[in-house]
Amino acid sequence: MIDFDKGEEKLNKFFGSEVKTTVVYDNEIYMIKYPDPIREKKNLLSYMNNQYSEHIGSCIFGACGFHVQETLLGYFTDSKGQRKIVVGCKDFTQNGSTLHEFSKLCNQIQVDGKSGTTIESVYEVVKESQLITNKDEVIETFWDMFVVDALIGNPDRHFDNWGFLETNGNITFAPIYDCGSSLAATISDEKMKELLSIPSSFKNEEYNLTSCYQMNGKRIFYHEIFKTPPLDLTEAIRRTVPKIDMHIIHEIVQNTPLMSQIRKEYLLQALDLRYEQILAPTYKTL
């Protein structure tokens, strides 16, 4: 565990829904993400465990061979003097690169339906953008990312949560970042214990998950689209599923410091469920 209090806090350069701080630690710039408090009274939805989800999700992407943002769990004392478990996300633009979220490309291009988070919009923007020269590679990486998002149960890979790096005029797919909404970030330990005791409720919670995307006018359920995958997803399944080593993923979860045992058990069962009942059957069929 890293003590980010030993770093130097800087004027914050990061934005988004969660509270963030910029810290220079060991000569590297980190975005510090706090566990979010419950935002409203009687509102049970809270990213109170998003620091674990961010770290584990990033590690899983890395274990599957993706270029991913480096994350570290640690401690940091907030502005109110409360010492918290946080995740430090290394700034991958500190070498002078610029991150362009996919949403910015959408805003530059006049395409039908670009205001919606749809698969059709992804294809249209990639096709029309003159800045994206490696169009086939971008589509392939998008769908590869989609496969692992299905594994970690990510409902929030919207157009601000992936994008491109511009370095000396070159445009490349950015490292995978912002996995904090995945891996049951909004579910408390108490609720996890309850769900694990009722198998049908657990499966309903962790199997019937949706992507943030729509296709053909309908919200995508991961388990449905994998039953009849479109061609580009089919190829992504063939490329990506063999790279998923569940033994390594189990080790990542088990070795996550300070996370409760009930959360570890829940995440392991949820990951196994989606791998064994969504990803693996489709790959075997293909």
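Everything below is about the structure shown above.
These notes cover the structure that comes with them. Once a new chain begins, its residue numbering starts again from 1 and follows that chain's sequence as written. Only residues with pLDDT of at least 70 are given local features in this predicted model, and only at 80 or more are side-chain atom pairs given and counted; all residues enter the totals for whole chains, interfaces and linings. To obtain the side-chain values, all non-hydrogen atoms of the structure were used and water was disregarded.

1. Focus on the overall build of the protein
Applied cut-off: Secondary structure elements follow DSSP: runs of H or I of four or more residues count as helices, runs of E of two or more count as strands, with numbering from the N terminus. For each residue, the accessible area found with a 1.4 Å probe, counting protein chains only, is set against the maximum for its type, and the residue is called buried under 20%, exposed over 50%, and partly exposed in between. When checking whether two residues touch, look at their non-hydrogen atoms; a contact exists if any pair is within 4.5 Å. For the accessible areas, the method is Shrake-Rupley and the probe is 1.4 Å, while residue cover comes only from the protein chains on display. Note on charges: Lys and Arg go in the positive column, Asp and Glu in the negative column, and His and the chain ends are not counted at all. To locate a charge, take atom NZ for lysine, CZ for arginine, CG for aspartate or CD for glutamate.
Looking only at helices and strands, one finds ten helices and eleven strands in the protein. In terms of overall dimensions, the protein has a C-alpha envelope of 50 × 50 × 35 Å along the principal axes. The buried share among the 286 residues of the protein stands at 48%. Pairs at least 24 apart in sequence give 63% of the contacts found in the protein among residues at least 6 apart. Of the roughly 14,200 Å² of accessible surface on the protein, 49% is carried by carbon and sulfur atoms. Distance between charge centres in the protein, computed from 30 positive and 40 negative side chains, equals 4 Å.

2. Points about the side chain of Gln51
In this structure, Gln51 sits in helix α1 (residues 50-63). Judged by its relative accessible area of 4%, Gln51 is buried. The contacts of Gln51, once residues within four sequence positions are left out, are Lys33, Pro35, Leu73, Ile85, Val86 and Val87.

3. Details of the sheet that holds strand β1 (residues 2-3)
The condition that has to hold: When DSSP locates at least two bridges between a pair of strands, those strands are taken to pair.
Reading across from one edge, β1-β5-β6-β4-β3-β2 is the order of the six strands in this open sheet, with mixed pairing throughout. With one partner strand each, in any of the chains shown, β1 and β2 (8-10) form the two edges of the open sheet. Pairing of strand β5 (residues 71-77) with strand β6 (residues 83-90) involves seven bridges; the strand directions are antiparallel. When the sheet's bridge partners are listed, Thr71 is paired in β6 with Cys89.

4. Looking at the sheet that holds strand β7 (residues 98-101)
Note the threshold: Axis definition: a line fitted to C-alpha atoms, limited for helices to the stretch in contact. Angles are taken between N-to-C directions and run from 0 to 180 degrees.
Reading across the sheet, the three strands line up as β7-β8-β9 and stay open at both edges, with antiparallel pairing between neighbours. A single partner strand is all that each edge strand has here, and the edge strands are β7 and β9 (170-173). On average, adjacent strands in this sheet sit at an angle of 30 degrees to one another, irrespective of strand direction. Pairing geometry for strand β8 (residues 163-167) and β9, over four bridges, is antiparallel. Its bridge partner lying in β9, Glu166 is registered against Ile171.

5. Looking at the pairing of strand β3 (residues 20-25)
Bridge count between β2 and β3: three bridges; the pairing is antiparallel. Looking at the pairing, Glu9 lines up with Val23 of β3. The hairpin turn running from β3 into strand β4 (residues 28-33), its antiparallel successor, is two residues long, and Asp26 in that turn takes a positive phi close to 55 degrees.

6. Some details on empty space enclosed by the protein
As a reminder of what qualifies: Lining residues are defined by having an atom within 4 Å of a point belonging to a cavity or pocket. Those points lie on a 1 Å grid over the protein atoms alone, cavities being sets where a 1.4 Å probe fits but cannot get out and pockets being open sets with protein on both sides within 12 Å along at least five of seven lines. Grid points are joined across faces, edges and corners, and a volume is the space filled by probe spheres set on the points. For this classification, Asp, Glu, Lys and Arg are treated as charged, while Ala, Val, Leu, Ile, Met, Phe, Trp, Tyr, Cys and Pro are nonpolar and the rest, including Gly, are polar.
Counted according to the given criterion, the structure contains one cavity of 30 Å³ or more. Quantified by volume, the largest cavity comes out at close to 50 Å³. Lining the largest cavity are Phe142, Met145, Phe146, Asp149, Arg157, Ser211, Cys212, Tyr213 and Tyr222. Secondary-structure elements contributing two or more residues to the lining of the largest cavity are α4 (135-152) and β10 (210-215). It is α4 that contributes the most residues to the lining of the largest cavity, four residues altogether. A per-class count over the lining of the largest cavity returns six nonpolar, one polar and two charged.

That is the geometry; function is a separate question.
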